[in-house]
Amino acid sequence: MLLDIMHTIHQFYCPLPEELYDFKEVTLSVFPRILDTKLMASTQPFKEIINNTSLADLEKRLKESPFHPPVVESAEGFPRYDTAAEQLHEAGYDAYITGLCFISMANYLGSFLTPPKLRVSSRSKIVEPFFNKLFLMRVMDIPYVNLQGPDLQPKRENVLHVSFPKEWKTSDLYQLFSAFGNILVSWIDDTSAFVTLTQPDQVKIAVNTSRYAESYRIQTYAEYVEKKQNSTHAKRKWVEDGWKEVETKRLKTQYTTYASQESFNNAVHRLAPVLGKRSMSPIQEEAGTDELEEGQIIDSSSDHLTEDSSEAGFGNDVVEFCTKKPQKAKKLKKGQKAGKSSVQLFEVPDTW
């Protein structure tokens, strides 16, 4: 069931999260109420009376005593899903017999109530211990993933975490631990695995053998978990701090932009009496200075503007912007003396 849920979330909802905690949150948001019949059949009080939890065998076992399977009548014209003629691995049929299995097991739980009940609802409190727990395959000491709370924490005092070159195989690990008797190897990836020893008192000896090794490293399971938790915490903190920093910069940028615009608008407003009324647009001003016939001069009135602007308390940036245009050479017609120009010093555009 766990694999089915993972595929469903990945294909129809979002990419699977990297961390288990995030996966639990996403799963509960998509499936708020999950009941795993395989988990029910693998735990008490069913564990002692159900030997095989595969769907087909489970459905057959739940037809026998002490269980009471429900009586189901197929609608007229739909005879295919008769359990006497199995349609295993067809999605609809598998879902159908899964429902039958749950009803049989839920009704069996009713026999433990006082007074006993023959029919138990899926929302009954006696079923709640099985809610939102997913059966784990091939994990000996953790029977399920608890989506609503912390998972079981086995001691694993006899488990080692081993890092090694990518070229290593299972036979290399068996050879490495040959002096410690029978071992169980559980691969993590191409360069690491868990190795379970028979005797916990041999763990310290095994760790010491790798102290001076160059190609591999052995650490206890507790050390491995501690380092992983610290790494995850640091990564999560870095992400959170990173987002806080981005948000702070964004707010600061917005404030700076607003303050700069406000300062500029105030400067232009205060410069208005000094500059006078506009007489022509910037395009007209450029058109009046197209041809150069005899000489060029710099209008000396720009000095007067700079002094007035400084006295008014405006910043250098505003003054430089206001005086940049007049620094362009004025062009004189033949016979015209250097003096007052017909073009005003600064032209305010119609729109900013």
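As a reminder, the structure under discussion sits directly above these lines.
Residues numbered from 1 in each chain as written. Predicted model: local features only at pLDDT ≥ 70, side-chain atom pairs only at ≥ 80, totals over all residues. Heavy atoms only, no water.

Caption draft 1: Structural view of the overall build of the protein. Counting its secondary structure elements, the protein contains 11 helices and 8 strands. In the protein, which comprises 352 residues, the proportion classed as buried is 29%. Sequence-distant contacts in the protein: of pairs separated by 6 or more residues, those separated by 24 or more amount to 57%. Accessible area of the protein: about 24500 Å², with a carbon and sulfur share of 54%. (Helix = DSSP H or I, 4+ residues; strand = E, 2+ residues; numbered from the N terminus. Buried < 20%, exposed > 50% of the residue type's maximum accessible area, 1.4 Å probe, protein only. Contact = heavy atoms within 4.5 Å. Areas by Shrake-Rupley, 256 points an atom, 1.4 Å probe, with all protein chains shown as cover.)

Caption draft 2: Molecular detail of the packing of aromatic side chains. Inspection of every chain in the model, using the stated rule, returns 14 aromatic pairs. With a centroid separation of 5.6 Å and an interplanar angle of 50°, the aromatic rings of Phe46 and Tyr108 are classed as tilted. You can see Phe46 sitting in the loop between α3 (37-42) and α4 (55-61) and its partner Tyr108 sitting in helix α5 (residues 91-109), a full 62 residues away along the chain. Tyr108 carries the same exposure label as Phe46, and that label is buried. With 5.5 Å between their ring centres and 70° between their planes, Tyr81 and Tyr93 make a pair best called edge-to-face. (Phe/Tyr/Trp six-rings, centres within 6.5 Å; stacked < 30°, edge-to-face > 60°.)

Caption draft 3: Main features of the pairing of strand β5 (residues 192-197). For β5, a buried count of 5 out of 6 residues is recorded, marking the element as mostly surrounded by other parts of the structure. As judged from the 5 bridges shared by strand β3 (residues 159-163) and β5, these two strands associate in the antiparallel manner. Paired with His161 across the bridge in β5 is Phe194. Direction of pairing for strand β4 (residues 183-189) relative to β5: antiparallel, over a ladder of 6 bridges. When the sheet's bridge partners are listed, Ile183 is paired in β5 with Leu197. Hairpin connection from β4 to β5: 2 residues lie between these consecutive antiparallel strands. (Pairing = 2+ DSSP bridges.)

Caption draft 4: Quick look at the sheet that holds strand β6 (residues 217-220). Sheet architecture is open: 4 strands sit in the order β4-β5-β3-β6, paired in antiparallel fashion. Looking at which strands have only one partner, the edges of the open sheet turn out to be β4 and β6. Strand-to-strand twist of the sheet, defined as the mean angle between neighbouring strand axes without regard to direction, takes the value 25°. (Axes fitted to C-alpha atoms, helices over the stretch in contact; angles between N-to-C directions.)

Caption draft 5: Fine view of the side chain of Glu59. Inspection of the secondary structure puts Glu59 in helix α4. Engagement of the side chain of Glu59 in a polar contact is seen with the side chain of Lys63, the distance being 3.2 Å. Excluding residues within four positions of it along the chain, Glu59 makes contact with Thr83, Ile97 and Cys101. (Polar contact = N/O pair within 3.5 Å; in protein donor to acceptor, adjacent residues only side chain to side chain.)

Caption draft 6: Representation of the side chain of Asn158. Within the secondary structure, Asn158 is located in the loop between β2 (144-146) and β3. Reaching out from Asn158, the side chain makes a polar contact with the backbone oxygen of Leu197 at a distance of 2.8 Å.

Caption draft 7: Broad picture of helix α1 (residues 2-12). The set of residues buried in α1 consists of Leu2, Ile5 and Ile9. One side of α1 carries all its buried residues, which in axial view fall inside an arc of 65°. Every exposed residue of α1 that faces more than 90 degrees away from the buried side is listed here: Leu3, Asp4, Gln11 and Phe12. (Arc of directions from axis to C-beta.)

Caption draft 8: Main features of the pattern of salt bridges. Evaluation of the coordinates by the stated rule reveals 5 salt bridges. When the shortest N-O distance is used, the salt bridge between Asp151 and Lys24 registers 2.9 Å. In this pair, Asp151 sits in the loop between β2 and β3 while Lys24 sits in helix α2 (residues 20-30), placing the two residues 127 residues apart along the sequence. For the pair Asp151 and Lys24, a shared accessibility class is recorded, and that class is buried. The salt bridge involving Arg80 is made with Glu90; its shortest N-O contact spans 2.9 Å. Of this pair, Arg80 sits in the loop between α4 and α5 while Glu90 is found in the loop between α4 and α5, placing the two residues 10 residues apart along the sequence. A relative accessible area of 48% places Arg80 in the partly exposed class. The partly exposed category is assigned to Glu90, whose relative accessible area is 25%. (Salt bridge = Lys/Arg side-chain N within 4 Å of Asp/Glu carboxyl O.)

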